[in-house]
Amino acid sequence: MKDINVAVDGPAGAGKSTAAREVASRLNLKYLDTGAMYRALTWKAIIENIDFQNPEEIINLAAVINIDIKNGSDGSNLVYIDGIDVTQEIRTPAVNGKVSIVSKIPEARGKLVARQQKIAEDGGFIMDGRDIGTNVLPGADFKFFLTASLEVRAQRRYMELKEKGCNITLEDVKKEISMRDKIDKGREVAPLIAAKDADLIDTTHMNIEDVIQEIVRKVNKLKAGRT
Ligand code: CDP
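Below you will find a few notes about this structure. Model, not experiment: these values are computed from the prediction. (Residues numbered from 1 in each chain as written. Predicted model: local features only at pLDDT ≥ 70, side-chain atom pairs only at ≥ 80, totals over all residues. Heavy atoms only, no water.)

A few words now on the overall build of the protein. When its secondary structure is counted, the protein shows nine helices and eight strands. Projected onto its principal axes, the C-alpha positions of the protein cover 55 × 35 × 35 Å. Burial analysis of the protein (227 residues in total) assigns 48% to the buried set. If you take every contact in the protein between residues at least 6 apart in sequence, the share linking residues at least 24 apart comes to 74%. Averaged over its 34 positive side-chain charges, the protein has a centre that lies 2 Å from the centre of its 34 negative ones. (Helix = DSSP H or I, 4+ residues; strand = E, 2+ residues; numbered from the N terminus. Buried < 20%, exposed > 50% of the residue type's maximum accessible area, 1.4 Å probe, protein only. Contact = heavy atoms within 4.5 Å. Lys, Arg positive; Asp, Glu negative; His and termini not counted. Charge placed at Lys NZ, Arg CZ, Asp CG, Glu CD.)

Take the side chain of D33 next. Examined against the element boundaries, D33 turns out to sit in strand β2 (residues 30–33). Accessibility expressed as a relative area gives 8% for D33, which makes it buried. For D33, the side chain forms a polar contact with the main-chain nitrogen of G35, separated by 3.1 Å. (Polar contact = N/O pair within 3.5 Å; in protein donor to acceptor, adjacent residues only side chain to side chain.)

It is worth spelling out the site of the ligand at this point. Lining the immediate environment of the ligand, one finds 19 residues, of which R39, S103, R109, R157 and D184 sit closest. K16 is positioned with one of its side-chain polar atoms (N or O) 3.1 Å from an oxygen atom of the ligand. In isolation the ligand exposes 530 Å². Once the protein is present, 99% of that is buried. Considering each element in turn, the shell around the ligand owes the most residues, four residues, to helix α2 (residues 34–47). Taken together, the residues of the shell around the ligand break down into four nonpolar, five polar and ten charged. (Near = heavy atom within 4 Å. Areas by Shrake-Rupley, 256 points an atom, 1.4 Å probe, with all protein chains shown as cover. Nonpolar A, V, L, I, M, F, W, Y, C, P; charged D, E, K, R; others polar.)

With 14 residues, helix α5 (residues 106–119) extends 20 Å from end C-alpha to end C-alpha; this agrees with the ideal 20 Å at 1.5 Å per step. For α5, the set of buried residues is A108, R109, L112, V113 and Q116. End-on view of α5: buried residues confined to an arc of 120 degrees, all on one side of the axis. (Expected span 1.5 Å × (residues − 1). Arc of directions from axis to C-beta.)

Now for unusual backbone geometry. Positioned with a positive phi, N28 is a non-glycine residue whose angle comes to about 60 degrees. Take N28: it is sitting in the loop between α1 (16–27) and β2. Positive phi values are uncommon outside glycine, yet A190 reaches one of about 50 degrees. Mapping A190 onto the fold places it in the loop between α8 (170–186) and β8 (199–202). What makes A190 buried here is its relative accessible area of 13%.

With that out of the way, let us pick up the sheet that holds strand β5 (residues 84–85). What holds strands together in a sheet is hydrogen bonding between their backbones, with the strands either parallel or antiparallel. Spatially, three strands are ordered β3-β4-β5 in an open sheet, and the strand pairing comes out antiparallel. Each edge of the open sheet is held by one strand with a lone partner, namely β3 (67–71) and β5. In this structure, β3 lies alongside strand β4 (residues 77–81), joined through five bridges in antiparallel fashion. From the neighbouring strand, I67 faces β4, where its bridge partner is I81. (Pairing = 2+ DSSP bridges.)

Right, let's talk about the packing of aromatic side chains for a bit. The full count for this structure, using the stated rule, is one aromatic pair. Taking 4.6 Å as the distance between ring centres and 15 degrees as the angle between the ring planes, the aromatic pair formed by F142 and F144 counts as stacked. Here F142 and F144 have matching classes, each one buried. The ring of Y80 has K70 sitting right over it, with the charged end atom 4.5 Å from the ring centre. (Phe/Tyr/Trp six-rings, centres within 6.5 Å; stacked < 30°, edge-to-face > 60°. Lys NZ or Arg CZ within 6 Å of the ring centre and 35° of its normal.)

With that settled, consider the sheet that holds β2. If you walk across this open sheet you meet the five strands as β2-β6-β1-β7-β8, and the pairing is parallel. One side of each edge strand has no neighbouring strand; the edge strands of this open sheet are β2 and β8. Here the average twist between neighbouring strands, direction ignored, is 20 degrees. Against the sheet, α2 contacts β2 and β6 (125–129), and its axis sits at roughly 35 degrees relative to β2. Contacting β1 (5–9), β7 (142–147) and β8, helix α9 (residues 208–226) crosses the sheet at an angle of about 160 degrees to β7. (Axes fitted to C-alpha atoms, helices over the stretch in contact; angles between N-to-C directions.)

Structure below.
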């Protein structure tokens, strides 16, 4: 029997990546961070001085870029472009500020979505992103949509960036993620929205361990019902 696929969607700072990575390890699934692919394309576009007002240039880059995702020792995804590790570089404020402009271009999405679907075709994946349950894996065995208040999401992201030594204010982080939310929700193709059959988890007052346990419990229940 084909192994299960699990979709985890939601806005920035809702806890998707941390939860999905740990759930993968506890349930023996493979983890794919689809946001890393959009970030990699955006980083390369910045490096190549591409005009972000000109979608054609981004589409052309998406057609030729060579993105590779591998698993790190802690289960996180390591991201390579043309063999060069860009895992850290793709998480900078410069990329945050441009990634939603790139990800709203349908043709660029098409390239990355096809890749994501191919990766998960045999099952056994937990994937996080914005459109996994609605678009990438509409037939996923289990779908979660994680949310949290903007204040809490900004605070979490601010702490992460501070730990990395980033010089940024909480106010700027809040502005950046609310701007991204707005573009991601408002785009015409595959907007950020919960799938009709997704399980909604509001993580505002939950710690990450609670979120992980909730997902593990629900997936295990589903699996038990099938055997
Ligand atoms: O980690 P964070 O939640 O901040 O973002 P991410 O998952 O790394 O995604 C970065 C951006 O990529 C999002 O703001 C979206 O614009 C885009 N994205 C998308 O459009 N579709 C996905 N499946 C994943 C990410």
